[in-house]
Amino acid sequence: MLKKIKSLGLILLSVSQVAWSDQANIESVVVTASRVEKQLQEYPESFSMVAGQELKLIKHNHIQQSLARVPGANVARGNGLEYLPALRSPVLSGAGACGSVLTMEDGIPLRANGFCNINELFESHSEVAQRVEVIRGPAGTLYGSNAMHGVVNILSPEIEENTKAFSGTLGFEGGPHDYYRTSISAESDLSNEGRVRADLSLASDGGYRDHSGYDQQKLSLLHSVSTAQTQIRSRLAVTNLNQETAGYIEGHNVYRDDRRDRENPNPEAFRDASAVRLYSILDIDLGSGKKLSLAPYLRKTDMRFLQHYLPGQALEENGQESIGLRSSYFFTRAGNLEIVMGLDMEFTQGYLRELQKEPTEGSGFLRETIPVGKHYDYQVDAYSVAPFTLATWNATDTLKLYSGVRLESVQYDYNNKMLSGRTAEDGLPCGFGGCRFSRPEDRKDSFQNWSPKLGATYDLKPGLQFFVNMAQGYRVPQATELYRLQREQTVAELDSEQISSIELGVRILKEHLSYELVAYGMRKRNVIFRDTEYFNHSSGKTSHRGVEMALGYAFSQSWRLETSSSYAEHRYRDERELQGVLLDGNLVDSAPRAFGSYRLQWQPRQEITAELEWLHQARYFTDPQNQHEYSGHNLLNLRAEWVFDRWALSIRALNLTNKAYAERADYSSFVGDRYFPGEPRSIYLSVSSEW
């Protein structure tokens with residue numbers, strides 16, 4: 001009980017980036033929240049934003065460092081650029097995890113329905129983002145499948161409105177373990193044909209751990225042209241990643257051993273990934289308060305990685321090509337009714353191949369059931385169509401009511417390019433009853449879901465607002481859950497995951513003080529999981545309830561306190577048993593009750609900014625039986641920036657006290673405790689110049 005009181009105390013002392021530094025920032029525009037430009041006060045859900053100035057100070061090497069400022073976000077960093085998501089949820093891993101948080105760039109999903117990659121945010125060009133917007137909680141009405149626990153939207157930089165024919169910035173950064181990053185941005189005027197912008201980011205990291213590190217390249221090209229009624233923004237984004245991956249280190253509290261925390265038990269592991277996205281966003285003013293937005297897009301991804309965490313260490317190759325359209329139409333009726341409606345459509349062709357080149361090591365059972373050769377080789381054509389509408393009724397000057405619904409149909413056409421069943425590639429049966437993997441016959445599957453929402457905002461007085469929101473989200477089964485089966489399973493009879501949510505909140509928006517306090521409760525059903533026989537099921541249930549606080553207080557012209565805090569309990573609510581232990585009522589593993597970011601900022605002059613950040617992570621269980629745990633950690637980070645003339649110098653000292661900690665802790669019944677160790681104290685220096 002004392003630990004709960006202490007954790008709640010951290011929330012009540014909190015202050016965060018939902019917080020705005022002055023009245024002008026309070027009036028900032030929210031884009032993703034309602035698919036039309038609206039003020040935060042016109043939105044009945046929990047919304048967070050990491051603004052451009054914050055991103056420039058953070059200069060994240062990993063997207064987790066920026067998302068730590070979002071209440072309810074507890075992203076677990078893996079090795080290199082990998083991560084596991086958590087947004088009003090436990091850290092999501094294993095079957096049913098991928099695709100539970102919708103990730104987007106400029107409102108375009110990074111991945112198609114059914115073809116998620118749990119690390120997909122590294123495909124966004126977040127290093128040059130204008131801001132990061134996060135919807136916390138179900139957002140299926142406007143965004144559809146995968147927006148079950150929330151939405152993370154990376155907003156790319158706008159083209160500046162200036163008179164220069166050509167301008168740009170150039171930056172260099174260096175850090176420990178042979179870390180280097182170069183960034184180049186340039187804009188040019190095309191006279192009557194608009195303006196163009198290019199952003200290039202090149203990064204190389206030698207890796208803190210043995211035989212690890214990565215090289216990454218990102219390029220974005222933007223063209224913008226405007227007329228009296230229409231603005232068109234067209235963008236090409238290309239990313240490439242070549243990563244040498246380090247796996248878990250094993251042993252109780254081994255992350256505290258400075259002789260072993262650099263070990264890499266999987267020096268052979270790697271990940272190569274590339275992504276290309278091309279899209280145009282057409283915003284058309286039709287007059288009389290009517291607006292039409294059209295966003296056609298093309299998407300292509302390819303990835304190769306070694307499944308070093310599985311027996312046999314098979315090579316997986318996967319990819320997808322998509323074409324889609326996201327549209328919305330906004331209009332008003334009778335002066336007090338606002339309606340946004342639209343249609344989202346997408347066609348995707350995806351593939352997956354799994355090939356094992358070397359014999360499986362280990363017991364005779366493993367060697368017999370996991371043979372050399374191809375395990376899977378299939379293609380899936382996916383179609384989705386989703387009409388939606390959201391109405392806002394201005395009932396009075398202080399009360400607004402919101403109601404909306406989305407209907408979405410997703411269809412898969414699966415084509416197996418190998419022999420069906422659980423044989424080896426050449427058709428020979430495996431020993432011990434059959435191969436570990438199973439390939440279903442060609443088939444078609446379809447899923448229909450609807451996502452309603454009801455909400456309200458009430459302005460008690462200027463700057464003080466109450467809001468309530470009820471919403472339902474969903475997640476269609478992913479292709480790998482349906483068609484990469486194991487053992488004697490021939491059909492995965494899976495339903496879409498469903499989540500129902502209610503939240504109550506209060507916002508105060510004043511010149512020197514602003515905060516958002518939210519309490520929520522959610523129930524999730526049809527949770528997809530893999531049982532002890534390696535079968536995929538969708539009969540799981542979980543509950544999620546918590547309190548989030550985001551607040552900012554400027555107690556002088558030079559000093560400001562900001563934090564984001566969360567206290568939540570995520571529990572199993574079904575009759576599953578694991579190794580003889582009934583899970584009903586247990587806390588979900590990898591789900592600390594309390595965590596948060598607390599920041600003290602000092603700005604003695606406009607040109608100088610310094611920030612001390614405290615990151616708190618409470619203890620959490622590392623297994624569903626709640627028999628093993630990680631003790632948690634507290635970290636300090638120091639950041640400072642000095643801007644003069646056209647130059648900027650910055651320094652970041654991460655893990656200032658050189659704390660031994662784990663970015664992620666886990667427990668496996670095969671090897672026991674295992675960890676991704678956190679890096680020791682690391683200092684990064686950067687310099688940039690404008691022209």
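Residues take numbers from 1 onward in each chain, read along the sequence in its written order. Reporting in this predicted model follows two pLDDT cut-offs: at least 70 for local features of residues, and 80 or more for side-chain atom pairs to be given and counted; totals over whole chains, interfaces and linings ignore these cut-offs and use all residues. Remark: hydrogens and water are excluded; side-chain values derive from all non-hydrogen atoms of the structure.

1. Observations regarding the state of the cysteines
- By convention in this document, the label disulfide applies to cysteine sulfur atom pairs within 2.5 Å. Across all of its chains, the model carries two disulfides by this definition.
- Each disulfide pairs two cysteine sulfurs, and for cysteine 98 the partner residue is cysteine 116, the sulfurs being separated by 1.9 Å. Of this pair, cysteine 98 sits in the loop between β5 (83-84) and β6 (102-105) while cysteine 116 sits in the loop between β7 (108-109) and β8 (131-136), and the two are 18 residues apart along the sequence. This pair shows no difference in class: cysteine 98 is buried, exactly as cysteine 116 is.
- Each sulfur in the disulfide pair cysteine 430 and cysteine 435 lies 1.8 Å from the other. On the S-S bond that ties cysteine 430 to cysteine 435, the torsion sits near 65°, and the link is right-handed.
- The buried category is assigned to cysteine 430, whose relative accessible area is 11%. Only runs of H or I of at least four residues qualify as helices and only runs of E of at least two qualify as strands under DSSP, and these elements are numbered from the N terminus. Relative accessible area decides the class of each residue, using a 1.4 Å probe on protein chains only: under 20% of the type maximum gives buried, over 50% gives exposed, and in between gives partly exposed.

2. Here we look at the nonpolar core
- The set of buried Ala, Val, Leu, Ile, Met, Phe, Trp, Tyr and Cys residues whose side-chain atoms join them within 4.5 Å is what this entry labels a nonpolar core. Counting residues in each nonpolar core, the largest one holds 22 residues, and the members touching the most others are Phe115, Tyr378, Val380, Tyr412, Leu482 and Tyr483.
- Counting only elements with at least two residues in this core, the list comes to β20 (373-394), β21 (399-416) and α7 (479-483).
- Residue contributions to this core peak at four residues, all from β20.
- Discounting chain neighbours no more than four positions away, the residues touching phenylalanine 115 are Gln320, Thr348, Gly350, Val380, Ala382, Gln478 and Ala479.
- Among the nonpolar cores identified, the runner-up in size contains 20 residues, and Ile58, Tyr83, Leu121 and Val152 belong to it. By definition in these notes, contact holds between two residues if any of their heavy atoms fall within 4.5 Å.

3. Remarks on the sheet that holds strand β9 (residues 150-155)
- Taken in spatial order, the five strands line up as β3-β8-β9-β6-β7 in an open sheet, and their pairing is mixed. Each edge of the sheet is formed by a strand with only one pairing partner; in this case those strands are β3 (46-50) and β7.
- DSSP calls a pair of strands paired once it identifies at least 2 bridges connecting them. In this sheet, β9 lies alongside β6 in parallel orientation, the contact comprising four bridges. For glutamate 105, the partnering residue across the bridge sits in β9 and is isoleucine 154.

4. Describing unusual backbone geometry
- Look at aspartate 178: it is not a glycine, yet its phi comes out positive at around 60°.
- Along the chain, the position of aspartate 178 falls in the loop between β10 (166-175) and β11 (179-189).
- For aspartate 178, a relative accessible area of 53% translates into the label exposed.

5. A short note on the sheet that holds strand β38 (residues 662-668)
- With antiparallel pairing, three strands are arranged side by side in an open sheet as β15-β39-β38. Strands at the two margins of the open sheet, each flanked by one partner only, are β15 (249-250) and β38.
- Bridge count between β15 and strand β39 (residues 672-677): two bridges; the pairing is antiparallel. Bridging across to β39, isoleucine 249 finds its partner in tyrosine 675.

6. Here's the deal with the pattern of salt bridges
- Counted as salt bridges are all cases of a side-chain nitrogen of Lys or Arg within 4 Å of a carboxyl oxygen of Asp or Glu. Within the structure shown, the criterion is met by 52 salt bridges.
- A salt bridge links glutamate 629 to arginine 619, with the shortest nitrogen-to-oxygen separation between them at 2.4 Å. A residue pair is termed long-range when its members are at least 10 positions apart, and glutamate 629 in strand β35 (residues 629-630) and arginine 619 in the loop between β33 (608-617) and β34 (620-621) qualify at 10 residues.

7. A few points about a nonpolar patch on the surface
- Taken together, the side chains of Tyr553, Phe555, Trp559, Leu561, Leu600, Trp602, Leu612 and Leu638 define a hydrophobic patch exposed on the protein surface, amounting to about 680 Å² of accessible area.
- The set of elements that each furnish at least two residues to the nonpolar patch consists of β29 (559-572) and β32 (594-605).
- For leucine 638, the position within the fold is in strand β36 (residues 633-644). Excluding any residue in a salt bridge, patches collect residues exceeding 30% relative accessible area, merging like charges within 9 Å and nonpolar Val, Leu, Ile, Met, Phe, Trp and Tyr side chains within 5 Å. For the area figures, the Shrake-Rupley method with a 1.4 Å probe applies, and any residue is considered shielded solely by the protein chains shown.

Worth remembering: the numbers are spatial, not functional.
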